[in-house]
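Analysis of the macromolecular model
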Amino acid sequence: MGWAAVTVAMLAATPVFLTRGDVTPEAELRAEAEAAWKALEARYVAEAGSAPSRAPVNISLRKGEGMLPSRNGQGRPGVVELRQGSPGVLDERLRVTLRHELAHQFLWWACPASAEERLFHEAFALAVSGELAEWREAPYQSLTSASAELAHNPDVDTPRARRALARVLNEGSGFPKALTRRLRQCQDEARWAVPLSVDELAGVAMQAMASATVVLSRHSGEVLFSEGDIRTAMPYGSTLKPFVVAGSAVSPPVLSPRAEVPEWMCGERLPGKVDARTALVRSCNGYFLDWEGQGSAPRAFGSWGAVLTAVGLSGEPLDMADAIGLRSTLRLSPWGLAQAYRLLAEARPELMEVLAGSAARGTLSELPASKAYAGVAAKTGTVRDAESRPRLGWIVAVDEDLVAVVARPGKMPRAFADEVPEVLAKVRKKRSGLEAARVQVLGLVSPGAIEARCQGAGFSLEQGTPRAIPEDFTKLEPLVAKGSVVCLGSPWRVRFPEVPAGRDYAGIFTGSPPPPYRPPAGVPTSPNALKARRGSDFLFRTTRLQYTAGVVAAEDATLKGEVRVALAQVVAHNERHADSRHPGRPVCDTTHCQAFLGTVRVRPEEERALAAPPLRWREWLLFSQGGQEPWQETRPRGQVESLLGPGVTGVRFSDGRVHYLLTKREGGAVFDAAESQPCELLRSALKLPACPRTARFEDREVSFEGRGQGHGEGLDVEAAKVSGLDAGRILERAYAR
């Protein structure tokens, strides 16, 4: 039921408000009371489902007599007493007090079973009177200390107790779910058997606390392992503190610990001065709260707020206590947390270096598992209940290739620290080739014609600062002008005029113009060959496994079994030996190196290939489609002579080279000189299926004949298909010398 409909339906349930002239102006006071009551009615119906069936009693509004100085109002059923500061003035303080006291009157009418339940009454009154925002501005108070204060003063009749109650209510966002459940109990006229508890009111014990594990590739972004409900949003504890530091526009301060403040209790032998590095590895709450108190801390994670929102953060933190998880108001799923850390690791490697100290001198130090965290950046987080018991523990771990997030209900992070190195090792054992592969991509396409789209959450990184990119297709060139671009939760979709449907690229793009390319003197080179040998303005990073699968699919998607394993081993090997193709640069994605047309589904053969030992050769390994299928091609004689020289004769082919005679003149002498060059140069320029076996010169044309496809060197894929050999013997036959 909408709020407007609720209000209309409840008009008849409004009591008569009586005044006697001691709080003025009377008409305005009664109007204020009627408006407040209607709001209470609407809230009750929205939460409880329907209105009470009985009519409310009349309520007298009068000046308070004999009230304690700490009180601005008090009441009993049918009577509200108010303290008015100035006659004839209904200031905001008095209006809030009126709303608070009318909330009690409302419960005495709508929920008589709760008449003696002081915590419930005061919690409801605080929640509906508008006071919570004011209390939120007070200095931070832990949930544990608030719970202790309420246990000491269960009647909630002091300012300190009301502040503690407000702290508990502010643990969640929106109208407290515990109050909603109790209001429904009121409407059902159920017996009030169990008093409302602080834990129930805080909602920490009632929130979803699920065991979950997720591991992502830092390079491709794919989910490599998951267990449990990785999409359940849960309170995140201290795990977002690095994003506070990353989002700061100024250098974080160096602060002096305050021993008397519980939030500064973050390990033994705390230095006299604490910087952000120490605060992160020790997870010092007091540092972040005092940083906010200085006024220089970022609000809502600064530039990183948009990233966290994009991966599922449930709302914007109102203050530092929200941001660093001291209050459980906000939630984020393990999947979302892993995505955010993937981007953080890409943008701020120096923060990962800081977090690598967590196991040496921070929250995961001096444990049997601490040594297993060598080279791993880690951040812990703990969600506690009102009694300071752990409700949920978190560990985020980032190494060179992986991001892991592990959440365990009811445990401190130190209690399950051994599980994280184990799950990282388990993922690596299950799938090889998770290290980074880099490739120059789209070198034959004009850079300005390439567009990319992220169907997840796309961000460009400018000096470590994330900038959201448009959701639709966008020119790739300006995106990478100042740094990497990362697509969270999805592969990139890349298109250009020749491929309007686009291709998937699961990984990270970076701009990197190659040095100018000058072809060898006297060697004819086609425009496309020049582009291929120059390289590309775009670098793409993915996993070696994803790269290998993409190349095999581009070279011959029909391959199966042992020959596919053999070719995959060669492809993975060549990615590590690209210097002969592009000195100082990664491998390219054209036939000058080995074709790569984006990422595809990995086949078992590629997984076998990457799990095998490295190949014993130390140079680039050639391969071609090969085969014995005969072919015949004709090319203009002028085109051939432009490549080999005018008047060329005696053309023959052997050992991967073209040999021929050219007529030369020196000092009046005329003679035939023997020349040769790699056959691949001729084949590529003339776009022949393979290096020919014969060439027949006629007046205007040259007829070439040959067998198979490719340059004919190294691994002959078609021959390997019919060989019946295993992958190892295929490779030995192709490359053994």
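Look above for the structure.
Every chain's residues receive numbers from 1 upward, in the order its sequence appears when written. Selection of residues for local features in this predicted model requires a pLDDT of at least 70, selection of side-chain atom pairs for listing and counting requires 80 or more, and totals for whole chains, interfaces and linings are taken over all residues. Side-chain descriptors were evaluated using all non-hydrogen atoms of the structure, hydrogens and water having been removed beforehand.

All right, on to the state of the cysteines then. Disulfides are defined as cysteine sulfur pairs within 2.5 Å. Applying the stated criterion across every chain, the model contains five disulfides. The disulfide bridge from Cys-588 ends at Cys-593, spanning 2.5 Å between sulfur atoms. Between Cys-588 and Cys-593 the sulfur-sulfur dihedral comes to about 110°; the bridge is accordingly right-handed. Here the two residues Cys-588 and Cys-593 agree in accessibility, since each one is buried. Disulfide pairing is shown between Cys-679 and Cys-691; the S-S distance is 1.9 Å. Taking the sign of the S-S torsion, about 110° here, the bridge from Cys-679 to Cys-691 comes out right-handed. Pair noted here: Cys-679 is in helix H25 (residues 679-686) and Cys-691 is in the loop between H25 and strand S26 (694-697), with a separation of 12 residues, a long-range link. Accessibility classification places Cys-679 together with Cys-691 in one group, the buried group. The connectivity of the disulfide bonds within the protein can be written as 1-2, 3-4, 5-6, 7-8, 9-10, using the sequence rank of each bonded cysteine. Buried, partly exposed and exposed residues are distinguished by accessible area as a fraction of the type maximum, computed with a 1.4 Å probe on protein chains only: under 20%, between the cut-offs, and over 50%, respectively. The secondary structure listing takes helices from DSSP runs of H or I that are at least 4 residues long and strands from runs of E that are at least 2 residues long, numbered from the N terminus.

So, about the packing of aromatic side chains. Only Phe, Tyr and Trp rings take part, Trp by its six-membered ring, and two of them pair if their centres are within 6.5 Å. Stacked means planes under 30 degrees apart, edge-to-face means over 60, and tilted covers everything else. A full pass over the atoms with the stated rule returns 19 aromatic pairs. Ring centres of Phe-509 and Phe-540 lie 4.9 Å apart, and the angle between their planes is 45°; this geometry places the pair in the tilted category. With Phe-509 in strand S18 (residues 508-511) and Phe-540 in strand S19 (residues 538-543), this residue pair connects regions lying 31 residues apart in the sequence. Phe-540 matches Phe-509 in its accessibility class, with the two residues each being buried.

With that settled, the discussion passes to empty space enclosed by the protein. Cavities and pockets are defined on a 1 Å grid built over the protein atoms alone: a cavity is a set of grid points where a 1.4 Å probe fits but cannot escape, while a pocket is an open set with protein on both sides within 12 Å along at least five of seven lines, and lining residues are those with an atom within 4 Å of any such point. Grid points are joined across faces, edges and corners, and a volume is the space filled by probe spheres set on the points. As enumerated under the stated definition, the model contains two cavities of 30 Å³ or more in all. Quantified by volume, the second largest cavity comes out at close to 40 Å³. Contributing to the lining of the second largest cavity are Gln-440, Gly-443, Leu-444, Lys-531, Ala-532, Gly-535, Ser-536, Cys-588, Asp-589 and Thr-590. Classification convention: Asp, Glu, Lys, Arg as charged; Ala, Val, Leu, Ile, Met, Phe, Trp, Tyr, Cys, Pro as nonpolar; all other residues, Gly among them, as polar. Of the residues that constitute the lining of the second largest cavity, the class distribution is three nonpolar, five polar and two charged.

With antiparallel pairing, three strands are arranged side by side in an open sheet as S23-S24-S25. Only two strands of the sheet have a single partner each, and these edge strands are strand S23 (649-654) and strand S25 (669-678). Sheet twist, expressed as the mean angle between neighbouring strand axes with direction ignored, is 25°. Strands pair, by our definition, only if DSSP identifies at least two bridges between them. As paired elements, strand S24 (residues 657-666) and S25 share 10 bridges and run antiparallel to each other. In the strand pairing of S25, His-659 is matched with Ser-676. Contact criterion: two residues are considered in contact whenever any of their non-hydrogen atoms come within 4.5 Å of each other. Lines fitted to the C-alpha atoms define the axes, with helices restricted to the stretch that makes contact. Angles between their N-to-C directions range from 0 to 180 degrees. Where helix H24 (residues 637-644) meets the sheet, its contacts fall on S23, S24 and S25, and the angle it forms with S24 comes to roughly 80°. Sheet strands touched by H25: S23, S24 and S25. Its angle to S25, the strand with the most contacts, is close to 80°.

With that settled, the discussion passes to the pairing of S18. Strand residues, when the strand is regular, have side chains that alternate between the two faces of the sheet. Relative to S18, strand S15 (residues 485-488) runs antiparallel, the two being bridged by two bridges. In the strand pairing of S18, Val-485 is matched with Phe-509.

Expected span of a helix: the number of residues minus one, times 1.5 Å. In this model, helix H15 (residues 334-347) (14 residues) spans 20 Å end to end at C-alpha, consistent with the 20 Å of a helix rising 1.5 Å per residue. Where burial is concerned, most of H15 is hidden: 14 out of the 14 residues are buried.

Of all hydrophobic cores here, the largest spans 70 residues; its most connected members are Tyr-287, Phe-288, Phe-301 and Tyr-341. Sort the elements by how many residues they give to this core and H15 lands first, with nine residues. Setting aside residues up to four positions removed in sequence, Phe-288 forms contacts with Lys-241, Val-244, Val-245, Ala-279, Leu-280, Met-320 and Ile-324. As used here, the term nonpolar core means buried Ala, Val, Leu, Ile, Met, Phe, Trp, Tyr and Cys residues forming a set that is joined through side-chain atoms within 4.5 Å. Tyr-505, Phe-540, Tyr-547 and Leu-715 belong to the second-largest nonpolar core, a separate cluster that totals 57 residues.

Along the chain, Ala-595 turns up in the loop between strand S20 (587-588) and helix H23 (604-611). Ala-595 sits in the buried class, given a relative accessible area of 13%. For Ala-595 and Gly-305, which are 290 residues apart along the polypeptide, the C-alpha to C-alpha distance reads 39 Å. For Ala-595, the residues in contact, after removing those within four places along its chain, are Val-551, Ala-554, Glu-555, Asp-589 and Thr-590.

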